[in-house]
Amino acid sequence: MGEVDPVFLQAPEHRPKSSVIEAEGIPLIDLSPINYQEEHTIPETVSSIQGLVKEIGSACKEWGFFQVINHKVPLDKRERIEEVAKKFFALSLEEKLKVRRDAVNVLGYFEAEHTKNVRDWKEIYDFNVQEPTFIPPLAEPVDEQNVQFQWDNRWPENPPEFREACQEYAEEVEKLAYKLMELVALSLGLERDRFRGFFRHNTSNIRLNHYPPCPYPHLALGLGHHKDTGVLTVLAQDDVGGLEVKRKSDGEWIRIKPIFNSFIINVGDMIQVWSNDAYESVEHRVMVNSERDRFSIPFFLKPALYTDVKPLEELTHDTNPPKYTSINWGMFRTTRMRSNFVKSNVQNLQIYHFKLSQ
């Protein structure tokens, strides 16, 4: 990853808190009561899964994070993408830069040191689940009149099985994400398919993360504290661990213990807006390791770029009025992504900038 900037080493805001609670912390939820591989993702008799729905709602409200087991994503698909990710990141930098992302097409490879965010000790590769992704996609069918350009996944030539492994995994984890969104909808008292229409032209993506061993683990962060801007994140992490969540009840950082073949789920900013703050997006960060490489694979569920996100009418009333004005997802995401390439003294756009005064 190169040498550490001396200025970075002196910046106290980049240094992680020394007190971290070593605990599994976030709720662990068993998804075995449902089988989304069948025709219906949720049983017709919702009463049969009331306990599960309640667990999901409680976890979203109290933590914004939870882990799931018995999720039915085939283990071999997960192991295969983990294997090709390791092979890809082991390639020479020259080879990886052949699929480097840029300001026009945000998909592909980049090393964190190539951006202004030098505190992040990692390298990544991004690809979109829906390909190609048209910009801007409109609600009506895409044609030559309304397509300005498109994002195409930049698939590397090596390893040769890379693309197939990524696509097969994406198909499976996307099913899990939609299943979870149905459970989230039910936990809010909504129709189970209330959110599905927002993802017809989704901009969901998968990120392959590699955190190399860091000689300054007490000074650096694999990924600084942040909240996820999208809808829902489904994270596969290896046995090295390093993810820490800021507990809502007291602000303490909780380190999440890896559990074999589980996924870590967290609520994103758009669910916070849709739910009118019933569920909140929570800060989290990644710690580096001085001895071992760490790999993780988050799936970010994101709506179509034309989606206007605002508190749902079913969840607002006289005593709980809307707390946000409408947020256009395309504008919000584009503004956030631009900050990765253009140095600015202006703070990143946040959902609280759309808060209504009560």
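Basis of the calculations
- Residue positions are given per chain, counting from 1 as you read along its sequence in written order.
- Totals for whole chains, interfaces and linings use all residues, but because this is a predicted model, local features are given only for residues with pLDDT of at least 70 and pairs of side-chain atoms are given and counted only at 80 or more.
- Side-chain descriptors were evaluated using all non-hydrogen atoms of the structure, hydrogens and water having been removed beforehand.
- Each helix is a run of H or I in the DSSP string that is no shorter than four residues. Each strand is a run of E no shorter than two, and both are numbered from the N terminus.
- Residues count as neighbours in contact if any of their non-hydrogen atoms are within 4.5 Å of one another.
- Calculation of accessible area relied on Shrake-Rupley with a 1.4 Å probe; when residues are assessed, cover is drawn exclusively from the protein chains displayed.
- Where helices are involved, their axes are fitted lines through C-alpha atoms of the stretch in contact, as for all axes, and angles between N-to-C directions lie from 0 to 180°.
- Roughly parallel here means an angle under 35 degrees, roughly antiparallel means over 145, roughly perpendicular means 65 to 115, and every remaining angle is called oblique.
- Helix crossings get a hand from a simple test, with the near helix turned counterclockwise from the far one by less than a right angle marking a left-handed crossing and a clockwise turn marking a right-handed one.
- Ten residues, namely Ala, Val, Leu, Ile, Met, Phe, Trp, Tyr, Cys and Pro, are considered nonpolar, four, namely Asp, Glu, Lys and Arg, are considered charged, and the remaining ones, Gly among them, are considered polar.
- Pairs of N or O atoms within 3.5 Å make up the polar contacts considered here, provided that, within protein, one atom can donate a hydrogen while the other can accept it, and that residues adjacent in sequence are counted only when both atoms are side-chain atoms.
- Grid points spaced at 1 Å over the protein atoms alone were grouped into cavities, where a 1.4 Å probe fits but cannot get out, and pockets, open sets with protein on both sides within 12 Å along at least five of seven lines, with lining residues defined by an atom within 4 Å of a point.
- Grid points are joined across faces, edges and corners, and a volume is the space filled by probe spheres set on the points.
- The quantity called pLDDT is the predictor's confidence in a given residue, expressed from 0 to 100.
- Here, nonpolar core means buried Ala, Val, Leu, Ile, Met, Phe, Trp, Tyr and Cys residues that are tied together by side-chain atoms lying within 4.5 Å of each other.
- Each residue is placed in one exposure class: buried if its accessible area under a 1.4 Å probe, protein chains only, is under 20% of its type's maximum, exposed if it is over 50%, and partly exposed if it falls in between.
- At least two bridges found by DSSP between two strands is the condition for calling them paired.

**Section: the overall build of the protein chain**
Helices and strands together make up the secondary structure of the protein chain, namely seven helices and 17 strands. The long-range fraction of contacts in the protein chain, counting pairs at least 24 apart against all pairs at least 6 apart in sequence, stands at 79%. A total accessible area of about 16,700 Å² is found for the protein chain, and carbon and sulfur atoms account for 49% of it.

**Remarks on the packing of helix α3 (residues 75-89) against helix α5 (residues 162-187)**
Between α3 and α5, the least distance of the axes is 9 Å, while the angle of their chain directions is 140 degrees. One way to sum up the angle between α3 and α5 is to call them oblique. The handedness of the crossing between α3 and α5 is left-handed. Between α3 and α5, the contacting residues are Lys-77, Arg-78, Arg-80, Ile-81, Val-84 and Phe-88 on the first element and Phe-162, Glu-164, Ala-165, Cys-166, Glu-168, Tyr-169 and Glu-172 on the second. Within the contact of α3 with α5, the residues separate by chemical class into seven nonpolar, no polar and six charged.

**Looking at the side chain of Lys-96**
Looking at the secondary structure, you find Lys-96 in helix α4 (residues 93-96). Reaching out from Lys-96, the side chain makes a polar contact with the backbone oxygen of Phe-89 at a distance of 3.0 Å. Leaving out residues up to four positions away in the same chain, Lys-96 has contacts with Phe-88, Phe-89, Leu-91, Tyr-109 and Glu-123.

**Comments concerning unusual backbone geometry**
At the junction of Asn-158 and Pro-159, the peptide bond is cis and its omega measures out at -5 degrees in the coordinates. Here Pro-159 is to be found in the loop between β7 (149-151) and α5. Phi is positive for Asn-70, which is not a glycine, with a value near 55 degrees. Relative to the helices and strands, Asn-70 resides in the loop between β3 (65-69) and α3. The backbone of Asn-276 sits at a positive phi, close to 60 degrees, despite the residue not being glycine. Within the element layout of this structure, Asn-276 appears in the loop between α6 (269-274) and β14 (284-286).

**Considering empty space enclosed by the protein**
Tallying each qualifying case throughout the model produces one cavity of 30 Å³ or more. Considering only enclosed or pocket space, the largest cavity measures out at about 60 Å³ in volume. Taken together, Tyr-178, Met-181, Glu-182, Arg-192, Asp-193, Arg-194, Phe-195, Arg-196 and Phe-199 make up the lining of the largest cavity. Partitioning the lining of the largest cavity into residue classes produces four nonpolar, no polar and five charged.

**Digging into the confidence of the model for the protein chain**
Chain-level pLDDT for the protein chain is 83 on average; 77% of the residues reach the 70-or-more range. Of all helices and strands in the protein chain, the one with the weakest mean pLDDT is helix α1 (residues 6-10) (34), whereas α3 scores best (98). Counting contacts from residues 114-118, a segment whose pLDDT is below 50, to residues more than four positions away or on other chains yields 10 contacts. Here residues 141-147 scores under 50 on pLDDT; set against residues more than four positions off or in separate chains, the count is eight contacts.

**Things to note about the nonpolar core**
Within the largest apolar cluster, 72 residues are counted, with the highest numbers of intra-cluster contacts made by Tyr-125, Leu-180, Phe-195, Ile-206, Phe-263 and Trp-274. It is α5 that provides the largest number of residues to this core, a total of 15 residues. Among residues more than four places away in sequence, those in contact with Tyr-125 are Phe-88, Phe-89, Val-99, Gly-108, Tyr-109, Arg-154, Trp-155, Pro-156, Phe-162, Ile-206, Arg-207 and Leu-208. Core analysis: the second largest hydrophobic core is formed by 12 residues, Trp-63, Leu-243, Ile-254 and Val-286 among them.

**Observations concerning the pairing of strand β13 (residues 263-267)**
Counting buried positions over the five residues of β13 gives five, a clear majority of the element. Alternating positions in β13 separate into two faces, Phe-263, Ile-265 and Val-267 on one and Ile-264 and Asn-266 on the other, with burial throughout. Both β3 and β13 contribute to a ladder of four bridges, which runs antiparallel. By the bridge assignment for β13, Val-68 is matched with Phe-263. By the bridge criterion, four bridges tie strand β10 (residues 232-237) to β13 in an arrangement that is antiparallel. Looking at the pairing, Val-234 lines up with Ile-265 of β13.

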